[in-house]
Protein chains: 2
Amino acid sequence: MDVLPLDRQVCFALYTASRAVTARYRPLLDELGLTYPQYLVLLALWERDGRTVKELGTALRLDSSTLSPLLKRLETAGLVHRERRADDERSVTVRLTPHGAGLRTRASALPARLLCEDGLDLDELNELRITLTRLTTALDMALDGRGEIDAGALHG
Amino acid sequence: MDVLPLDRQVCFALYTASRAVTARYRPLLDELGLTYPQYLVLLALWERDGRTVKELGTALRLDSSTLSPLLKRLETAGLVHRERRADDERSVTVRLTPHGAGLRTRASALPARLLCEDGLDLDELNELRITLTRLTTALDMALDGRGEIDAGALHG
DNA sequence: GCTCGTTAAGTCGCGCACGACTGAATCGTG
DNA sequence: CACGATTCAGTCGTGCGCGACTTAACGAGC
């Protein structure tokens, strides 16, 4: 069995496409003073404000070691505010400041500005998104399942 | 115009799917002592050995500031060897060592091991790869075009 | 109430990515 | 030949991602 050439590997196409998209977003996000992951965090908060770090991590599939420093930078930039929950002192609630909430209007124009140059029509984008989501959940389940099988092997 | 929810954004699906794939590759690549970008560099070299840093960068869409430290680590690990070209002292040729070439056999088993758990069949993977490649080239052209248009505007 | 296991946020180290820059080699044009 | 522009590899600083770890708070069972 031989190695597939780079151009035939789905994993490489995915890796490259993801970087191409963030590269295309970059100049637009620079105008807002945001990085791409910071933009995704704000997307999550615009959709539902006041989530805990844990809940944001679940939505974005990132853990606290990535989110904590990122949120600290967003707080320094005056876009979010963090405070410990009164009912559970372990959790921290992340809330948009007026400034952070105000960016929503400007940010909502971004996808449309990129849509016209991505070489795909709306149907293709929709299908692509669905396929990618299916791929992600399948791989996540396979990764989780690995651990469960290993744990199960210990009992058997 | 309102902001799309996170789950409807193609950019987010791409970002998440890309990380899910590398996460799934990680335990397998750990056995080979490789990171995911290092694996991609080796894929490129297995396909055609003796390329310059510049040529590798074109194939992987990475520039020297990413590749130089990565190649240095591969050289320290004894997988590649670097040497200045005699006919052009600016360029550096990257060659696989016997050890680096030998990893090819073990690495060729990787895609098949992941294929059975990605939740997609071969036709879907093929279509996905083609769509992603089209997306990447379109976005790259748009990004390049931006600069050319700006430069053109100065002449006009 | 106390202990032990669990959970949440955060820190640290490492390896990318990428922009900005440096230094050396090469090329083009006069 | 000279000299300015270009090309190539490499360094540096910043911000992710992520594994391993720490600390504090919660919860269950005794």
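Reference entry: report on the structure contained in this document. Remember, it's a predicted structure, so these values are computed and weren't measured experimentally. (Residues numbered from 1 in each chain as written. Chains lettered and ligands numbered in written order. Predicted model: local features only at pLDDT ≥ 70, side-chain atom pairs only at ≥ 80, totals over all residues.)

1. Re the overall build of chain A
Of the regular secondary structure elements, chain A holds seven helices and three strands. Each helix and strand of chain A, ordered N terminal to C terminal, gives the series α-α-β-α-α-β-β-α-α-α. On C-alpha atoms alone, chain A measures out to a radius of gyration of 19 Å, which is more than a quarter above the 15 Å that the 2.2 N^0.38 rule sets for 156 residues. Along the longest, intermediate and shortest principal axes, the C-alpha atoms of chain A span 55 × 50 × 25 Å. Sorting the 156 residues of chain A into buried and exposed places 26% on the buried side. Taking the intrachain contacts of chain A between residues at least 6 apart in sequence as the baseline, contacts between residues at least 24 apart amount to 41%. (Helix = DSSP H or I, 4+ residues; strand = E, 2+ residues; numbered from the N terminus. Rg over C-alpha atoms; globule rule 2.2 N^0.38 Å. Buried ≥ 20, exposed ≤ 12 C-beta atoms within 10 Å, placed from the backbone. Contact = placed C-beta atoms within 7 Å.)

2. Overview of the protein's contact with DNA strand D
In the vicinity of DNA strand D lie 26 residues, with Ser65 and Glu89 of chain A together with Val53, Lys54 and Ser65 of chain B positioned nearest. In terms of residue count, helix α4 (residues 64-76) of chain B provides more of the surface near DNA strand D than any other element does, five residues in total. Considering only residue class, the surface near DNA strand D consists of eight nonpolar, nine polar and nine charged. (Near = placed C-beta within 6 Å. Nonpolar A, V, L, I, M, F, W, Y, C, P; charged D, E, K, R; others polar.)

3. A closer look at the packing of helix α2 (residues 36-47) of chain A against helix α5 (residues 98-107) of chain A
Residue and element names in this part refer to chain A. Axis separation between α2 and α5 bottoms out at 10 Å; the angle between their running directions is 105°. With respect to α5, the axis of α2 lies roughly perpendicular. Counting all contacts with α2, which are made through Tyr39, Leu42 and Trp46, the residues of α5 involved are Gly100, Leu103, Arg104 and Ala107. Here the contact of α2 with α5 is built from residues that sort into five nonpolar, one polar and one charged. (Axes fitted to C-alpha atoms, helices over the stretch in contact; angles between N-to-C directions. Parallel < 35°, antiparallel > 145°, perpendicular 65-115°, else oblique.)

4. Focus on the relation of the copies chain B and chain A
Rotating chain B by 180° about the axis while translating it 0.0 Å along that axis superimposes it on chain A, leaving an RMSD of 0.0 Å. As the rotation angle and translation indicate, the two copies are arranged about a two-fold axis. Of the interface residues in chain B, 100% have counterparts in chain A that sit at the interface too, so the contact is made through matching surfaces. (Least-squares fit on C-alpha atoms with pLDDT ≥ 70 in both.)

5. Some thoughts on helix α3 (residues 53-60) of chain B
All names here are of chain B. What α3 keeps buried is the set Leu56, Ala59 and Leu60. In an axial view of α3, the angular spread of the buried residues amounts to 85°, which keeps them on one side of the axis. In this structure, the buried side of α3 is in contact with α2 (36-47), β1 (51-52), α4 and β3 (92-96). (Arc of directions from axis to C-beta.)

6. Here we look at α4 of chain B
Residues and elements named next belong to chain B. In this model, α4 (13 residues) spans 18 Å end to end at C-alpha, consistent with the 18 Å of a helix rising 1.5 Å per residue. Inspection of α4 places Leu67, Leu71 and Leu74 among the buried residues, and these make up the whole buried set. Taken down its axis, α4 places every buried residue within 55° of arc, on the same side. Opposite the buried face of α4, at more than 90 degrees from it, the exposed residues are Ser65, Pro69, Lys72 and Thr76. Turning to α4, the residues buried within the fold contact α2, α3, β2 (80-84) and β3. (Expected span 1.5 Å × (residues − 1).)

7. Let's talk about the protein's contact with DNA strand C
By nearness alone, 26 residues border DNA strand C, and Val53, Lys54 and Ser65 of chain A together with Ser65 and Glu89 of chain B come closest of all. Looking at the surface near DNA strand C, the elements that each hand over two or more residues are α1 (10-32), α3 (53-60) and α4 (64-76) of chain A together with α2 and α4 of chain B. If one sorts the elements of the surface near DNA strand C by residue count, α4 of chain A sits on top with five residues. For the surface near DNA strand C, a count of residues per class yields eight nonpolar, nine polar and nine charged.

8. Examining the sheet that holds β2 of chain B
Read from one edge of the open sheet, three strands run β1-β3-β2 (chain B), paired in antiparallel fashion. Two strands bound the open sheet, and with one partner strand each, they are β1 and β2 of chain B. (Pairing = 2+ DSSP bridges.)

9. Focus on the sheet that holds strand β3 (residues 92-96) of chain A
All names here are of chain A. Ordered by their spatial adjacency, three strands build an open sheet running β1-β3-β2, and the pairing between neighbours is antiparallel. The open sheet has two edge strands, β1 (51-52) and β2 (80-84), and neither has a second partner. Contacts between α4 and the sheet are confined to β2 and β3, with β2 contributing the most and set at about 120° to the helix.

10. Observations concerning unusual backbone geometry
Residues and elements named next belong to chain A. Despite not being glycine, Arg61 shows a phi value in the positive range, around 60°. Tracing the sequence through the fold places Arg61 in the loop between α3 and α4. By the C-beta count within 10 Å, which is 15 here, Arg61 ends up partly exposed.

11. Description of the nonpolar core
In this structure, Leu14 and Ala44 of chain A together with Leu14 and Ala44 of chain B are the most contacted members of the largest nonpolar core, which totals 66 residues. Once you skip the residues sitting within four places of it in the chain, Ala44 of chain B turns out to touch Leu6 of chain A together with Leu56, Ala59 and Leu60 of chain B. (Core = buried A, V, L, I, M, F, W, Y, C linked by C-beta atoms within 7 Å.)

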